[in-house]
Amino acid sequence: MEAGGERFPKQRQVLILFLLVEVALAGWESRRYSVMEETESGTFVTNLAKDLGLGAGELAVRGARVVTEDNHEPRLQLDLQTGDLILNEKLDREEMCGPTDPCVMHFQVLLKKPLEVFRAELLVRDINDHAPEFPEREMTLKIPEASPPGTAFPLKKAQDLDVGKNNIRNYSISPNSHFHVSIRNRGDGRKYPELMLDKELDREQQAELRLTLTALDGGSPPRSGTAQVHILVLDVNDNAPEFAQTLYQVRIPENSPVGFLVVKVSARDLDTGTNGEISYCLSYSSQEISKTFEVKSLSGEVRLIKTLDFETISSYELEIDASDGGGLSGKCSVSIEVVDVNDNYPELSISSFSSPIPENSPEIEVALFRIRDRDSENNGRMTCSIQDDLPFLLKPTEENFYTLITNGALDRETRAEYNVTITVTDMGTPRLQTQHNITVLVSDVNDNAPAFTQTSYTLFIRENNSPALHMGSVSATDTDAGANAQVTYSLLPPQDPSLPLDSLVSINADNGHLFALRALDFEALQAFEFLVGATDRGSPALSSQALVRVQVLDANDNAPFVLYPLQNGSAPCTELVPRAAEPGYLVSKVVAVDGDSGQNAWLSYQLLKATEPGLFGVWAHNGEVRTARLLSERDAAKHRLLLLVKDNGEPPLSASVTLHVLLVDGFSQPYLPLPEAAADAAQTDPLTVYLVIALASVSSLFLFSVLAFIAVRLCRRSRAGLVGGCSVPEAHFPGRLVDVSGTGTLSQSYQYEVCLTGGSGSNEFKFLKPIFPNILGQDVGRKSEGNPSFHNSLGI
């Protein structure tokens, strides 16, 4: 409601203003001013202050301004101080009013306080600033040559944007002997040009005319515009066709091909259009001529549609008509002479032909043929030949017969097919030749044995393979063909009678694929060889053989087996270690073997569990168990070590062994009871049993030798001991303290002198200093390093 209330007062103000303007205009007479178009901006038009009878400066006081009736940017500007009305822009009458004449611009002078409005008009007068222009640069008129004089032909008028006297006043045509221009005034006052024919046209003399039409306006100076008038004179059929020659003489070779251009006749007609369009045809022709020649109706070309034969017809006479579209015609004659040429090629016909022919055979007749030439004299004389690089010969016979024979035995494996080209050439000019190709096939004879691609084959197969596994293939080829080249494979009897080849390998007789019949064991059979035979199906059959070597690759299928310490369910072996041992003291050495080979038999050792961690360590590569630090009184006397032996296979296999260690202050103290060992299941592997028996035998023999040596040494020491007050006990250490493994338990090469006190009655030992660190340590010590059991035999 508030917005509506504001809008209604504004509307009332506008209505009141228009009413006041109308009232003010009712009492004043309109004034007219004039100015030429294209007058520069700022040009003085009039002094409105004087025209309105106002004093200087009164226009500014009353807020005078000029208002035009259109919405265009004001074209007039009022100087309020001087009262001068000047042009605000250059005026273009054609843009403002177009063709309207006169061109008047209405405007009002609006004054306030009190409100007054004065009407005025500005007349924009035209100047000749536009030249006449035709809608097209060129006009085309088609006028028949038979048109009578006085015929009028309308032309397109020009346009001029100016008005009044500056508009078009006259038309003119360039000077010529046939036309002039007349101007026709119509009811609208415009002038239209017409082209009037003054003299008859002749198309044969002048087929077209080009005239210039000029439009002239009435300005000062006058302006003009031009256009080209292109006049085409239409023909009337008043001329008959005429040939350039009445007789054409032509010579053509008899071997001219079909479509050959014999001659081209040409006629001329002075008329145009359909009257000048000439068509050619045979006027009179026999059936033979119609079948031999044709005339192109538009071009006049005479062409062959049938091959010529000089021996049949040597000349032809043709009559040709030329007709225009108006029914007029002309004639000419064509005389054709056929020239004899060597146009007959030699001919070759095969009487007999044999293919294929067997290889390794001497002279064989392959083909019998005859040659001839239908020409005569030199054109009928012929020569016959084949390629020089073929094992064949041509033998001539009577009446142009030839025989093709082999020049020696042929080898199919060298070449199984021959392409023989028989060339027959006549002696004419130019020489013509005929070539005949025959393909001679050579049949096979079984003269080649199968040949293996390799003299020997090496196959690799991993053990524990699945039965019927494809191990590899052998391949043999036979250069023969057919059944002579079909190869059958077989296994030959092995050279080693003990090799069960039939249960190990089989072969596919058709393709030579080799298969393993059962799983192979690398530990039982690492490699074997056999012969493979390849036999063709020829008659007689030929064969060859090749050697196949099978290499069995090891798989990690055997876990490590511990030789020492023995883990056979008996009382476990206990190693004695003096508490005074230095770090790195060799406690024992784990000895293990692996039935595999290569990296599958590479063993590594690891301490899995110990009674007191950190006290003992094992070397990963040799299995030596050594002390890791100094021993103390606080360390327990009994220790149990769990060791792991692992191979380097994929996946790795392992075995564990338990080692008992007893810490002693000296070797003289009584041997402590051994802990009960868990009974392990005995190994039933025959290889293990054999290894244990061999090791036990060797160890027993070595132990016996060492004991004998020690007994001799002790006897010698006993005599020296009586002198020194020491007695040697006759008893020996328990056998379980002797190391029979061959690996040893101690690393030092020391031997101690042991004495018993005479009156004590006790069994305690007294340790004295070593008595042969230099002599026995250098000689026997070397053996003790290789066989540490020597130390145990001494009771150390």
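Source: prediction; values computed, not measured. (Residues numbered from 1 in each chain as written. Predicted model: local features only at pLDDT ≥ 70, side-chain atom pairs only at ≥ 80, totals over all residues. Heavy atoms only, no water.)

With respect to the sheet that holds strand E28 (residues 392-396)
What counts here: Two strands pair if DSSP finds at least two bridges between them. Only DSSP runs of H or I with at least four residues qualify as helices, and only runs of E with at least two residues qualify as strands; both kinds are numbered from the N terminus onward. Axis definition: a line fitted to C-alpha atoms, over the contacting stretch in the case of helices. Angles run 0 to 180 degrees between N-to-C directions.
Pairing within the open sheet is antiparallel, and its four strands lie in the order E24-E26-E29-E28. The sheet is open, and its two edges are formed by strand E24 (347-353) and E28, each paired on a single side. On average, adjacent strands in this sheet sit at an angle of 25° to one another, irrespective of strand direction.

What about the packing of aromatic side chains?
Going by this rule: What counts as a ring pair is set by centres within 6.5 Å for rings of Phe, Tyr and Trp (its six-membered ring), and what kind of pair is set by the plane angle: stacked under 30 degrees, edge-to-face over 60, tilted for all other angles. Burial classes: relative accessible area under 20% of the type maximum marks a residue as buried, over 50% as exposed, and values in between as partly exposed (1.4 Å probe, protein chains only).
Scanning all chains against the criterion turns up eight aromatic pairs. Considering the side-chain rings of Phe-134 and Tyr-171, the 6.3 Å spacing of their centres and the 55° angle between planes classify their relative orientation as tilted. You can see Phe-134 sitting in the loop between strand E7 (116-125) and strand E8 (138-144) and its partner Tyr-171 sitting in strand E10 (residues 168-173), a full 37 residues away along the chain. In this structure, Phe-134 and Tyr-171 share a single accessibility class: buried. Residues Phe-452 and Tyr-489 carry aromatic rings whose centres are separated by 6.4 Å and whose planes lie at 55° to one another, so their mutual orientation is tilted. Of the two residues, Phe-452 sits in strand E32 (residues 451-452) while Tyr-489 sits in strand E36 (residues 487-491), which places them 37 residues apart along the sequence.

Some thoughts on a nonpolar patch on the surface
Rules: Surface patches are drawn from residues lacking salt bridges whose relative accessible area is over 30%; two like charges belong together within 9 Å, two nonpolar side chains (Val, Leu, Ile, Met, Phe, Trp, Tyr) within 5 Å. A 1.4 Å probe and the Shrake-Rupley method give the accessible areas. Residues count as covered only by the protein chains that appear here. Every case where a carboxyl oxygen of Asp or Glu lies within 4 Å of a side-chain nitrogen of Lys or Arg is listed as a salt bridge.
A contiguous nonpolar patch, built from Val-689, Tyr-690 and Ile-693 and spanning about 310 Å² of accessible area, is present on the exposed surface. Looking at the element boundaries, Tyr-690 is found in helix H7 (residues 686-724).

Concerning the nonpolar core
This is how it is decided: Note on terminology: a nonpolar core comprises buried Ala, Val, Leu, Ile, Met, Phe, Trp, Tyr and Cys residues joined through side-chain atoms within 4.5 Å. Should any heavy atoms of two residues lie within 4.5 Å, those residues are counted as being in contact.
By size, the foremost hydrophobic cluster in this structure holds 26 residues, and its most contacted members are Phe-452, Val-474, Leu-514, Phe-530 and Val-548. Within the residue set of this core, elements represented by two or more residues are strand E33 (456-462), E36, helix H6 (501-504), strand E37 (505-507), strand E38 (513-516), strand E39 (527-536) and strand E40 (543-553). The residues touching Val-548, leaving out its near neighbours within four places in the chain, are Tyr-457, Leu-459, Val-474, Leu-514, Phe-528, Glu-529, Phe-530 and Val-532. Listed in part, the 25 residues of the second largest apolar core include Val-66, Leu-76, Met-105 and Val-124.

Some words on the sheet that holds strand E34 (residues 469-473)
With antiparallel pairing, three strands are arranged side by side in an open sheet as E34-E38-E37. Each end of this open sheet is capped by a strand with a single partner; those strands are E34 and E37. Direction aside, the axes of adjacent strands within the sheet are offset by 30° on average. Where E34 lies against E38, four bridges are found, and the strand directions are antiparallel. Residue pairing for E38: His-470 is matched across the bridge by Phe-515.

What about the pattern of salt bridges?
Any two side chains of opposite charge can pair, so long as their charged atoms come close to each other. Per the counting criterion, the structure on display carries 18 salt bridges. With a closest N to O distance of 2.7 Å, Lys-156 and Glu-136 form a salt bridge. Remark: Glu-136 occurs in the loop between E7 and E8 and Lys-156 occurs in the loop between strand E9 (152-154) and E10; sequence separation between them is 20 residues. You can call Lys-156 partly exposed: its relative accessible area is 39%. On the basis of relative accessibility, which here comes to 34%, the residue Glu-136 falls in the partly exposed class. For Arg-251, the salt bridge identified is with Glu-337, shortest N-O distance 3.6 Å. Here Glu-337 lies in strand E23 (residues 329-339) and Arg-251 lies in strand E16 (residues 247-253), a separation of 86 residues in the sequence. Residue Glu-337 is classed as partly exposed on the basis of its relative accessible area, which comes to 39%.

Some details on the confidence of the model for the protein chain
For the record, the criterion: Confidence scores per residue from the predictor, reported as pLDDT, run from 0 to 100.
Model confidence for the protein chain is summarised by a mean pLDDT of 78, while 81% of its residues fall at 70 or above. Ignoring residues within four places in sequence, the model shows residues 1-28, a span with pLDDT below 50, making 13 contacts including any to other chains. Counting contacts from residues 720-796, a segment whose pLDDT is below 50, to residues more than four positions away or on other chains yields 110 contacts.

What to know about the pairing of strand E22 (residues 315-323)
Bridge count between strand E19 (residues 279-284) and E22: five bridges; the pairing is antiparallel. Pairing of Tyr-284 across the sheet is with Glu-319, part of E22. As defined by bridge partners, E22 adjoins E23 across nine bridges and the pair is classed as antiparallel. By the bridge assignment for E23, Glu-317 is matched with Ser-335.

Some thoughts on the side chain of Ser-256
Put simply, the test is: Here a polar contact means two N or O atoms within 3.5 Å. Within protein one must be a hydrogen donor candidate and the other an acceptor candidate, and residues neighboring in sequence count only if both atoms are side-chain atoms.
Looking at the secondary structure, you find Ser-256 in the loop between E16 and strand E17 (261-264). For Ser-256, a relative accessible area of 4% corresponds to the buried category. Within polar-contact distance, the side chain of Ser-256 engages the backbone oxygen of Pro-253 at 2.7 Å.

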